[in-house]
Amino acid sequence: MRAAIYARVSTERQERQQTIDSQLASLRRWVEAGGHALVEKHVFRDEGYSGSRLDRPGLDSLRDAVSDAAIEIVAVLSPDRLARRYAYQVLLLEEFRRAGVEVAFLHHPISEDPSDQLLLQIQGAIAEYERAVLAERFRRGKLQKARDGHLLSAKPPYGYRYVPRCDAVPGHLVVDSAEAEMVCGLFAWVADEQLSVRQSVRRLNEGPWITRAGRTRWAPSTIHHILSDPVYIGTAYANRYEYVAPKKPRTRSPRCDEKTCRRRRPRDQWIAIPVPALVEQETWDRVQAQMARNALISFRNNKKHNYLLRCLLKCGICGLAIHGCGFARTAGGAERRYYRCAGVDTLTTGRDTKCLRAMIDAEIIEQAVWDHVVGLLSDPQQLVAQFEQFITETTDGSPQEQAIERQLQARLDRLARADQRLLEAYQAAVISLGELAERRRAIAEQQRAAVQQRDQHRHLAEQHVRAQAVLTNVAAFSERISSRLKDADFSERQAILQLVIERIIVHGDTLEIRHVIPLRDPDPVDGPTGPAMPPKPRLRSDRLGQAGDLADAA
């Protein structure tokens, strides 16, 4: 049989001790003893990856090979090498079983017998328990070492070097003279010259100092971290942070539910560890006071000006946000307000070149956007016409569409009968096992394609039904909002724009306005495939949701 082998170790220490090589050697001997065919590209390994995760490069490659029908049997040393969690073990074993691939565990052979399946469940539960016990022991061990004065940080703060533990001497920090000189100068700039973080970053970028990664451009977040870290006055803290799952993950990835965000623990849980100090306590206190004053007068906390289009503008050249800025009064002149692209400031963005977008007069663009929105909302027929155009682009539930639905279902029924006939032919010894597997794979591909077409067709039909229900509310929304347009003050105008505009993209001489029309949820309606859910409460002009094409250029 065409075989593949998989081995995994969790830590780099296990990798250095060559435990993965011993796994591979045992697996190779098993393959050779069984007379199976093994090629080098079917040797999969994960070095330094936890078994509590499924997103492992070697495991992903193994699953791809299984789905491509490139192998017929997979050899693994034990179930906990495949996955630490029982749920993941069941998921992988079921996935391999559906693909017709056999899984062999050298230390714990598992069959389809109920007793073996029960044993597999018990082993998975024990492996998960052992992992939890090891994690808890490791956590408590690190806390005890920190209380004994051992510093366990493998990434020392800027200005220090980490010396690992040697015999009875615990791991500790020593001063890096080159980096420490820059740190002391940075604290002096803020304490004596009252520089802000951005001014300090600009001075560093213009000077000979480079980051630890070898770059000449410093990030404001790095400088802020240096200036606020108490390690530079002689005290490092262990157990200062805990890791939690993100409340608002940026992307829906397999790791979005993992504990990847850092949250500060209560002060009484911190463990102090003495380290060499780089600055005096008095200098540190003055720097913290200056940073607090800088925060009070920072532009992000400036509430003197308010902007109608705040958080709505985006640059069409560089893709960054556009924010408001004001300039002081000149002699005999009025104070002016503008909108400026964030890409103009390379210090903040970290880009090599600045955006060429010129500043935009706030009064002109605000009036243009408001006039456009008033004109759009004052004419309900325009909204209805735009949304009706979107409805006509979807399926209309005609007899022709119903015939397509019946044809797709009949095709799926024929493929199911063909698959059943193949099984009967194999049981009657009419065809061989290899021919059965090959022909069933071809039928499975046709079934997947047919199911995809049927689901897409049903989705369009349901979308049409929901769109018809939403259409009745478009005119009602326009009537509700039009009564507030003429006499709206600044705050009401801002609220209306935030309500009906998703994004305004500023191009060279045009504005691309993407609308979002909030609607009341209509009553649920039944679609051709059963009860349908109520439509979403917002119509999006960019068609990312249930939307009509209401994007306009002003």
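In case you missed it, the structure is sitting above this.
Residues numbered from 1 in each chain as written. Predicted model: local features only at pLDDT ≥ 70, side-chain atom pairs only at ≥ 80, totals over all residues. Heavy atoms only, no water.

S.K.: Talk me through the overall build of the protein chain; I want residue IDs and the actual numbers.
M.R.: Scanning the protein chain for helices and strands turns up 16 helices and 20 strands. Counting all 554 residues of the protein chain, 36% fall into the buried class. In the protein chain, 62% of the contacts between residues at least 6 apart in sequence involve partners at least 24 apart. Element-wise, carbon and sulfur atoms account for 51% of the exposed surface of the protein chain, whose accessible area totals about 32700 Å². (Helix = DSSP H or I, 4+ residues; strand = E, 2+ residues; numbered from the N terminus. Buried < 20%, exposed > 50% of the residue type's maximum accessible area, 1.4 Å probe, protein only. Contact = heavy atoms within 4.5 Å. Areas by Shrake-Rupley, 256 points an atom, 1.4 Å probe, with all protein chains shown as cover.)

S.K.: Give a detailed account of the sheet that holds strand S2 (residues 43–47), specifying residues and quantitative values.
M.R.: The strand order across the open sheet built from 4 strands is S2-S1-S3-S4, with neighbouring strands paired in parallel fashion. Here the strands that pair on one side only, and so sit at the sheet edges, are S2 and strand S4 (102–105). Here the strands of the sheet are splayed against their neighbours by 20° on average, with no regard to which way each runs. With 5 bridges connecting them, strand S1 (residues 3–9) and S2 associate as parallel partners. Paired with Tyr6 across the bridge in S2 is Phe44. (Pairing = 2+ DSSP bridges. Axes fitted to C-alpha atoms, helices over the stretch in contact; angles between N-to-C directions.)

S.K.: I'd love a proper account of the sheet that holds strand S14 (residues 360–361), names of residues and values included.
M.R.: Here we have 3 strands laid out as an open sheet, ordered S12-S13-S14, and antiparallel in their pairing. Where the open sheet ends on each side, the last strands, each with one partner, are strand S12 (322–327) and S14. The pairing of strand S13 (residues 336–341) with S14 spans 2 bridges and is classified as antiparallel. Paired with Tyr339 across the two strands is Ile360, which belongs to S14. Running at roughly 80° to S13, helix H12 (residues 362–377) makes contact with S13 and S14 of the sheet.

S.K.: Hey, could you go over a nonpolar patch on the surface for me, with residue numbers and the actual values?
M.R.: On the surface, Leu118, Ile122 and Ile126 cluster together into a nonpolar patch covering about 260 Å² of accessible area. Along the chain, Ile122 falls in helix H6 (residues 114–147). (Patch = residues over 30% accessible without salt bridge, like charges linked within 9 Å, V, L, I, M, F, W, Y side chains within 5 Å. Salt bridge = Lys/Arg side-chain N within 4 Å of Asp/Glu carboxyl O.)

S.K.: Run through the pairing of strand S3 (residues 73–76), naming residues and quoting values.
M.R.: Here S3 shows no split at all, with Ile73 and Ala75 on one side and Val74 and Val76 on the other all buried. As paired elements, S1 and S3 share 4 bridges and run parallel to each other. From the neighbouring strand, Ala3 faces S3, where its bridge partner is Ile73. Here S3 runs beside S4; their pairing, made up of 4 bridges, is parallel. When the bridges of S4 are listed, Val76 appears paired with Phe105.

S.K.: Report on the nonpolar core, specifying residues and quantitative values.
M.R.: Membership of the largest hydrophobic core comes to 35 residues, with the highest contact counts inside it found for Phe187, Ile223, Leu227 and Tyr232. Ranked by the residues each element gives to this core, the list is headed by helix H7 (residues 177–193), at 8 residues. With near-sequence residues (within four places) excluded, Leu227 lies in contact with Leu186, Phe187, Val190, Val197, Trp284, Val287, Gln288 and Met291. Membership of the second largest hydrophobic core comes to 27 residues, among which are Leu309, Cys355, Ile496 and Ile513. (Core = buried A, V, L, I, M, F, W, Y, C linked by side-chain atoms within 4.5 Å.)

S.K.: Residues and numbers for the packing of helix H8 (residues 197–206) against helix H9 (residues 220–228), please.
M.R.: Where H8 contacts H9, the two axes come as close as 9 Å, and the packing angle between them is 110°. Accordingly, the angle class assigned to the pair H8 and H9 is roughly perpendicular. Considering how the two elements wind past one another, H8 and H9 form a crossing that is right-handed. Between H8 and H9, the contacting residues are Val197, Ser200, Val201 and Leu204 on the first element and Pro220, Ile223, His224 and Leu227 on the second. Of the residues belonging to the contact of H8 with H9, the class tally is 6 nonpolar, 2 polar and no charged. (Parallel < 35°, antiparallel > 145°, perpendicular 65-115°, else oblique. Left-handed = near helix turned anticlockwise from the far one by under 90°. Nonpolar A, V, L, I, M, F, W, Y, C, P; charged D, E, K, R; others polar.)

S.K.: Describe the pairing of S13, with residues and values.
M.R.: Across 6 bridges, the pairing between S12 and S13 is antiparallel. Looking at the pairing, Ile322 lines up with Cys341 of S13.

S.K.: Lay out the packing of H7 against H8 in plain terms, naming residues and giving numbers.
M.R.: Put simply, H7 and H8 touch, their axes get as near as 11 Å, and they point 140° apart. Put simply, H7 runs oblique to H8. With respect to the hand of their crossing, H7 and H8 are arranged in right-handed fashion. Between H7 and H8, the residues in contact are Met182, Leu186, Trp189, Val190 and Glu193 and Ser200, Arg203 and Leu204, respectively.

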